[in-house]
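The lines below spell out each chain.
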Amino acid sequence: MIIAYVILLRGINVGGKNKIAMTELKRRLEEQGFENVTTYIQSGNVILKSDLDAPTVAHKIETMLTEKFTLDSALIRVLALTRQQLQAVVDNRPDGFGDEPETYHSDVIFLMGIDAAQAMPVFNPREGVDKVWPGDG
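Being a predicted model, the structure only gives us computed values, none of them experimental.

K.L.:
Tell me about the overall build of the protein chain, residues and numbers included.
P.N.:
In terms of regular secondary structure, the protein chain is built from 4 helices and 4 strands. Looking at the protein chain as a whole, 28% of its 137 residues qualify as buried. Within the protein chain, contacts between residues at least 6 apart in sequence are counted, and of these 55% link residues at least 24 apart. Carbon and sulfur atoms make up 49% of the accessible area of the protein chain, which amounts to about 9500 Å² in all.

K.L.:
Please give an account of the environment of serine 50 that cites residues and values.
P.N.:
Relative to the helices and strands, serine 50 resides in the loop between strand S3 (45-49) and helix H2 (54-68). Overall, serine 50 belongs to the buried group, its relative accessible area being 9%. Serine 50 sits 13 residues away from valine 37 along the chain, and the two C-alpha atoms are 9.7 Å apart. For serine 50, the side chain forms a polar contact with the main-chain nitrogen of leucine 52, separated by 3.0 Å.

K.L.:
Let's hear about the pairing of S3: which residues, and what values?
P.N.:
Residue alternation in S3 divides its side chains into a buried set, Val46 and Leu48, and an unburied set, Asn45, Ile47 and Lys49. The sheet contact formed by strand S2 (residues 35-40) and S3 spans 4 bridges and is antiparallel. By the bridge assignment, glutamate 35 is partnered in S3 with lysine 49.

K.L.:
Report on the packing of aromatic side chains, specifying residues and quantitative values.
P.N.:
Per the stated rule, a full pass over the model turns up 1 aromatic pair. Relative to tryptophan 133, the ring of phenylalanine 97 has its centre 6.0 Å away and its plane inclined at 85°; by these criteria the two rings are edge-to-face. Of the two residues, phenylalanine 97 sits in the loop between helix H3 (83-91) and helix H4 (116-119) while tryptophan 133 sits in the segment after H4, which places them 36 residues apart along the sequence. Among the residues examined, phenylalanine 97 registers a relative accessible area of 17% and is labelled buried. Residue tryptophan 133 is classed as partly exposed on the basis of its relative accessible area, which comes to 40%. Sitting above the plane of the phenylalanine 34 ring, lysine 60 keeps its charged end 5.3 Å from the centroid.

K.L.:
Account for the packing of helix H1 (residues 22-31) against H2, with residues named and values stated.
P.N.:
Between H1 and H2, the least distance of the axes is 11 Å, while the angle of their chain directions is 120°. With respect to each other, H1 and H2 are oriented oblique. H2 is crossed by H1, and the crossing has right-handed handedness. Packed against H1, whose contacting residues are Leu25, Arg28 and Leu29, the element H2 presents Ile61, Met64, Leu65 and Lys68 at the interface. Here the residues of the contact of H1 with H2 are counted per class, giving 5 nonpolar, no polar and 2 charged.

K.L.:
Please give an account of a nonpolar patch on the surface that cites residues and values.
P.N.:
Together, Ile109, Leu111, Ile114, Val122, Phe123 and Val132 make up a nonpolar patch on the protein surface, roughly 490 Å² of accessible area in all. Owing to a relative accessible area of 67%, valine 122 belongs among the exposed residues under this scheme.

Criteria and cut-off values
Residues numbered from 1 in each chain as written. Predicted model: local features only at pLDDT ≥ 70, side-chain atom pairs only at ≥ 80, totals over all residues. Heavy atoms only, no water. Helix = DSSP H or I, 4+ residues; strand = E, 2+ residues; numbered from the N terminus. Buried < 20%, exposed > 50% of the residue type's maximum accessible area, 1.4 Å probe, protein only. Contact = heavy atoms within 4.5 Å. Areas by Shrake-Rupley, 256 points an atom, 1.4 Å probe, with all protein chains shown as cover. Polar contact = N/O pair within 3.5 Å; in protein donor to acceptor, adjacent residues only side chain to side chain. Pairing = 2+ DSSP bridges. Phe/Tyr/Trp six-rings, centres within 6.5 Å; stacked < 30°, edge-to-face > 60°. Lys NZ or Arg CZ within 6 Å of the ring centre and 35° of its normal. Axes fitted to C-alpha atoms, helices over the stretch in contact; angles between N-to-C directions. Parallel < 35°, antiparallel > 145°, perpendicular 65-115°, else oblique. Left-handed = near helix turned anticlockwise from the far one by under 90°. Nonpolar A, V, L, I, M, F, W, Y, C, P; charged D, E, K, R; others polar. Patch = residues over 30% accessible without salt bridge, like charges linked within 9 Å, V, L, I, M, F, W, Y side chains within 5 Å. Salt bridge = Lys/Arg side-chain N within 4 Å of Asp/Glu carboxyl O.

By themselves these figures say nothing about function.
Structure (structure tokens):
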């Protein structure tokens, strides 16, 4: 099973850019032969089932997005993760991360084409408020 996170580089449905209705995205993914397609709010995050490998799923979705939707950006990138890969992210999270969702917001950022050491300087956490951890892998 492949779990695909659909990520548009300039964001999907953010700031009026790359607007895609999740119902339409779901319909188009099902037309591509993906099964059990579930979208998450207006985020562009998708969980689906496929017998294809992760790189093939990503490529197939990238192609479909540029062919079926009018987007503000010609550069569309999709990250596809297997269920095991996504579970490893959850299993290897820092102690306490995500344990108090009513009190703290916890976000995961997946990097594409850049490693954590290169990305970490970009983050500017507020001292005493925010914490940033690089993941493992």
